[in-house]
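# Architecture at a glance
The primary structure of each chain is shown beneath.
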Amino acid sequence: MDCLCPECAGNGMILCSNPLAQYKSHQDEIDSAINRVLHKGWYIHGEEVKAFESEFAAYTGVSYGIGVGNGTEAIHLALAACGIGAGDEVITTSHTAVATIAAIEMAGATPVLVDINPADYTIEPALIGRVITKRTKAIMPVHIYGHPANLEAILSISKKHNLLLVEDCAQAHGASYLGRRVGSWGDIACFSFYPTKNLGALGDGGMIVTNNASFAEKARLLRQYGWKSHYISEIPGINSRLDEIQAAVLRIKLAYLDEDNEKRRRIAQVYHQAFQDYELILPTAHPGSNHVYHLFVIRTPQRDALRSYLKEHNIQSLVHYPVPVHLQSAYADRLVGSESLPQTEQVAQEVLSLPIYPELPEEDLTQVIQAVQNF
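Presented here is an overview of the structure given in this document. Bear in mind the structure is a predicted one, so any value in this text is a computation, not a measurement. (Residues numbered from 1 in each chain as written. Predicted model: local features only at pLDDT ≥ 70, side-chain atom pairs only at ≥ 80, totals over all residues. Heavy atoms only, no water.)

## Focus: the packing of helix α4 (residues 47-60) against helix α10 (residues 244-254)
Spelled out, the test is: For helices, the fitted axis covers only the stretch in contact; all axes are lines through C-alpha atoms, and the angles between them, taken along N-to-C directions, range from 0 to 180 degrees. Put simply, DSSP H or I for four residues or longer makes a helix, DSSP E for two residues or longer makes a strand, and each gets a number counted from the N terminus. Crossings are assigned a handedness: left-handed for a near helix turned anticlockwise from the far helix by less than a right angle, right-handed for a clockwise turn. Should any heavy atoms of two residues lie within 4.5 Å, those residues are considered in contact.
For the pair α4 and α10, interaxial distance at closest approach is 8 Å and the crossing angle is 35 degrees. Between α4 and α10 the crossing geometry is left-handed. Residues Glu47, Glu48, Val49, Ala51, Phe52, Glu55, Phe56 and Tyr59 of α4 lie in contact with α10, whose contacting residues are Glu244, Ala247, Ala248, Leu250, Arg251 and Leu254.

Here it is, written out as structure tokens:
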């Protein structure tokens, strides 16, 4: 989750992400869509949500989309829809937003942690087999920073051990691997539409996508108290609804997602060219992976000093993520696998996210590059 505080946005600082700039770039269409919803008088689970669910599922390359309240609940309900709960284990990484781990626990399952590949920061497939037990029910790769995990290898492991593949796509809208979009590889997948995402709402929102009709139907029940008929619960559920206004806004932005992702790639290319001769570890897009650069993350042992220098020059930078989940006080010493994550712990001390968003002005990009080079 990125900083959206008015202090940063209001003092002329060059921001890491800028939802306001994206709103302004599509303002007339977004205002018209919101106005359309306001005058319909139907604000929850109406025509806009149904249309967006269908359009986003088609974009991702799956049959079903189920809109929910946010990305965390998308993971929680996706796991529950697959029958994963108490006593079950889900393999994932600690180098992720805490939402990934929190959602697994919300479903009643136990997160089992595996170290990352330091080249792309995603789960290392070669380590997954070591932690599979009789209680393991799913593998959850996180397509962090917009780079797809090694889905071919992970899918092979999941099939070999009869495990579900649940994709955390919260940072990877539109990314693809071997020609298929992320979200279409797993048994079920989860997206967040937090405002700073590549496809961001004007508030919270999330989506579950799947090709499995049974999982889709159960997810629909779970998101609204288990109702099949109004006020009558078939199964226990919760309240996790994507509202009509957010769906209408997201429908507008979805039409521009590929174009916006291409703008992100061009900015990333400029960064790569500018920093290729400096002592920085730059993001890597593996062959067959279509990186969408939700974040442009560099690595340096001088991370904290560089961040301070950028702040002095009115440039925002962020750390995704400063403390691995297994070392945070809420989770310390109780997550399975947390005793052996050296790459995760090293990366957390060195990563730094630089400004990147489709509307980033060229002069701001130049200023960021010059500041990093000067440092």
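## Describing the sheet that holds strand β7 (residues 180-181)
Applicable threshold: Two strands are counted as paired when DSSP detects at least two bridges linking them.
Taken in spatial order, the 3 strands make up an open sheet running β7-β6-β12, and their pairing is antiparallel. Looking at the sheet topology across the chains shown, the edges are occupied by β7 and β12 (289-290). Two strands pair when backbone bridges link them, and strand β6 (residues 176-177) and β7 are joined in this way by 2 bridges, in the antiparallel orientation. Its bridge partner lying in β7, Ser176 is registered against Arg181.

## Topic: the sheet that holds strand β3 (residues 110-113)
One open sheet accounts for 7 strands, arranged β1-β9-β8-β5-β4-β2-β3; its pairing is mixed. Among the strands making up the open sheet, the edge pair consists of β1 (64-68) and β3. For this sheet, the mean angle separating the axes of adjacent strands, direction not counted, is 25 degrees. Alignment of strand β2 (residues 89-92) against strand β4 (residues 136-139), held across 3 bridges, turns out to be parallel. Residue pairing across strands places Val90 opposite Ala138, the latter belonging to β4. Strand contacts of helix α5 (residues 71-81): β1, β2, β5 (164-168), β8 (188-192) and β9 (206-210), with the helix running at about 165 degrees to β8, the strand carrying the most contacts. Contacts between helix α9 (residues 213-222) and the sheet are confined to β1, β5, β8 and β9, with β1 contributing the most and set at about 20 degrees to the helix.

## A closer look at the packing of aromatic side chains
As a reminder, the rule being used: Only rings of Phe, Tyr and Trp enter the pairing, Trp through its six-membered ring, and a pair is recorded when the two centres are within 6.5 Å. The plane angle decides the type: under 30 degrees is stacked, over 60 is edge-to-face, the rest tilted. Using a 1.4 Å probe on the protein chains alone, a residue whose accessible area is under 20% of its type maximum counts as buried, one over 50% counts as exposed, and one in between counts as partly exposed. Any Lys NZ or Arg CZ found within 6 Å of a ring centre and within 35 degrees of that ring's normal is scored as a charge over the ring.
Applying the stated rule across the entire model yields 13 aromatic pairs. With centroids separated by 5.5 Å and ring planes inclined at 90 degrees, the aromatic side chains of Phe56 and Phe193 adopt a geometry described as edge-to-face. One end of the pair, Phe56, is in helix α4; the other, Phe193, is in the loop between β8 and β9, and 137 residues separate them in sequence. For the pair Tyr177 and Trp185, a centre-to-centre distance of 5.3 Å together with 65 degrees between the ring planes defines the contact as edge-to-face. Here the two residues Tyr177 and Trp185 agree in accessibility, since each one is buried. Feature note: the residues Phe52, Phe56, Tyr59, Phe191 and Phe193 constitute an aromatic cluster, connected by ring pairs. The ring of Trp185 carries Arg180 above its face, with NZ or CZ at 4.2 Å from the centroid. In this structure, Arg181 packs its charged tip against the face of Tyr59, placed 3.9 Å from the ring centre.

## Considerations on the side chain of Glu53
If you trace the backbone, Glu53 turns up in helix α4. Apart from the residues within four sequence positions on either side, Glu53 is in contact with Gly65, Ile66, Gly67, Met207 and Arg223.

## Things to note about unusual backbone geometry
Note that the residue after His320, namely Tyr321, is joined by a cis bond; omega there is 15 degrees. Tracing the sequence through the fold places Tyr321 in the loop between α12 (303-312) and α13 (342-348). A positive phi angle, close to 65 degrees, is found at Asn314, a residue other than glycine. The class for Asn314 is partly exposed, based on a relative accessible area of 29%.

## Let's talk about the packing of helix α3 (residues 27-40) against α10
Angle between the axes and distance between the axes: these two values describe a pair of packed helices. Convention followed: Angular relationships are summarised with four words: roughly parallel below 35 degrees, roughly antiparallel beyond 145, roughly perpendicular across 65 to 115, and oblique for the angles in between. Each residue gets one label: Ala, Val, Leu, Ile, Met, Phe, Trp, Tyr, Cys and Pro are nonpolar, Asp, Glu, Lys and Arg are charged, and the others, such as Gly, are polar.
The interhelical angle for the contact between α3 and α10, taken along N-to-C directions, is 150 degrees, at an axis separation of 9 Å. As judged from the angle between their axes, α3 and α10 are roughly antiparallel. Crossing of α3 over α10 shows right-handed handedness. Contacts between α3 and α10 involve Glu29, Ile30, Ala33, Ile34, Arg36, Val37 and Leu38 from the first element and Glu244, Ile245, Ala248, Val249, Arg251, Ile252 and Lys253 from the second. Residues of the contact of α3 with α10, tallied by class, amount to 9 nonpolar, no polar and 5 charged.

## Remarks on the pattern of salt bridges
Note the following rule: What counts as a salt bridge is simple: a side-chain nitrogen of Lys or Arg found within 4 Å of a carboxyl oxygen of Asp or Glu.
The final tally for this structure, using the stated rule, is 15 salt bridges. Here Arg220 ties to Glu217 by a salt bridge, and the two come within 4.0 Å at their closest N and O atoms. Highlighted residues: Arg220 and Glu217, both in helix α9, separated by 3 residues, approximately one helical turn. In this structure Arg220 comes out as partly exposed when scored by relative accessible area, which is 29%. Of the residues examined, Glu217 reaches a relative accessible area of 33% and is grouped as partly exposed. Each of Arg36, Lys40, Glu47, Glu48, Glu55 and Arg251 takes part in salt bridges that share partners, so that together they form one network.

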